[in-house]
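Examination of the molecular architecture
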Amino acid sequence: MARPIWTGTLSFGLLNVPVSLMSGERRVDISFRMLDSRDKNPVRYERVNAETGEEVPWKDVVKAFEYDKGSYVVLEQDDIKSAAPESHETVEVETFVDAGDIPPTYYEKPYILVPGKKAEKGYVLLRETLRDTGKAGIARVVIRTREYLAAVLPQGDALILMLLRYPQEVVDASEHRLPEGEAADYRINAKEREMAKQLIEAMSGEWDPSQYRNEFRERLEKVIRDRMKSQGVVSRPDDDDRDVPEDATTNVVDFMALLQKSIGNNKRTPAKKGSGKAQATDDAAEAKPARKAAKKAGKKAAKKVGKAPAKAAKTAARKAG
């Protein structure tokens, strides 16, 4: 079961509803690792000094703001912490607006608010009131160390927390060259508009997201499976000990299971009985205990040889005394 990002409260007015903040998206992109084509070893990303080319350990890395080309001001960790918001787990609704007044370009990332135990009444009250009024609650929320602007919206049985972009992050469409004016200015007549309307009505239907698939990902999965079957896979026994880039992502569980199954089916072909390779393997297995015994005997003999000179010297010294 997914773990909550944090557990806190959803507050509006004097009403506080205990909630858990859960991620509302699932990444299904297929990620790739870069390999050296010569020996198929992973390529590691390193932090290097731009002037000397030497690797820089994490303890010597500091954050800085480049206020001019080549000119920086270094910030300490306390400087950054002083600007960060207090990490309080609260969705504080400041106002309610018509949900239709929020432009689509402001929507960024969804989360799901899950009510705590015995908090269902306040949760359902807000959900149904938002649905009845067509309103959205505009709130501020801290996720990890950053404060976000967000909208609380009803969706089915859930309250969705949709992160919003700040106005400074949204590009104004007026910055681009767009066709202004009325339709008649572009010689679009009433008949053309009516035909376009009829076409849209003929193509209209209910929104059913299950009808849409990531076809590129499906085709890419097939390419990977076919390549694994035809050319095999690159596998090393010490993969777990190798460095992984900090920004590396993990493929989703269902696809990983599929790949593991494919690897298991194509990893090795058992040798036939009576083959030279199988016989050599058996001979090696039989010879292993003999080699071990010989090695042990050799060590024992060497130990005796080492003790002999010391014993003779001790006897000679006693006689001389």
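Residues numbered from 1 in each chain as written. Predicted model: local features only at pLDDT ≥ 70, side-chain atom pairs only at ≥ 80, totals over all residues. Heavy atoms only, no water.

Quick look at the side chain of T90
Relative to the assigned elements, T90 resides in strand β5 (residues 90-98). Owing to a relative accessible area of 15%, T90 belongs among the buried residues under this scheme. Among residues more than four places away in sequence, those in contact with T90 are W6, T9, S11, R140 and V141. (Helix = DSSP H or I, 4+ residues; strand = E, 2+ residues; numbered from the N terminus. Buried < 20%, exposed > 50% of the residue type's maximum accessible area, 1.4 Å probe, protein only. Contact = heavy atoms within 4.5 Å.)

Let's talk about the sheet that holds strand β1 (residues 6-12)
With mixed pairing, the seven strands of this closed barrel are ordered in space as β1-β2-β6-β9-β8-β7-β5. For this sheet, the mean inter-axis angle between neighbouring strands, taken without regard to orientation, is 40°. Strand direction decides the pairing type here: strand β2 (residues 15-23) and strand β6 (residues 107-115), joined by five bridges, are antiparallel. When the bridges of β6 are listed, V19 appears paired with P115. (Pairing = 2+ DSSP bridges. Axes fitted to C-alpha atoms, helices over the stretch in contact; angles between N-to-C directions.)

Quick look at the nonpolar core
Within the largest apolar cluster, 23 residues are counted, with the highest numbers of intra-cluster contacts made by L10, V91, L113, V141, V152 and L161. Among the secondary structure elements, those contributing two or more residues to this core are β1, β2, β5, β6, α2 (120-133), β7 (135-143), β8 (146-155) and β9 (158-164). In contact with L10, other than residues within four places in its own chain, are L15, N16, V17, V19, V91, V93, L113, L126, V152 and L159. In this structure, I102, L153, M162 and L164 belong to the second largest nonpolar core, which totals eight residues. (Core = buried A, V, L, I, M, F, W, Y, C linked by side-chain atoms within 4.5 Å.)

With respect to the pairing of β9
Side-chain direction in a regular strand flips from residue to residue, so the side chains alternate between the two faces of the sheet. Within β9, six of the seven residues are buried, leaving the element largely enclosed by the surrounding structure. Pairing geometry for β6 and β9, over six bridges, is antiparallel. Each bridged residue has a counterpart across the sheet, and for L113 the counterpart in β9 is L159. In terms of strand pairing, β8 meets β9 through seven bridges, oriented antiparallel. Its bridge partner lying in β9, L153 is registered against I160. Counting the residues between successive antiparallel strands, the hairpin from β8 to β9 contains two residues, one of them, G156, with a positive phi of roughly 60°.

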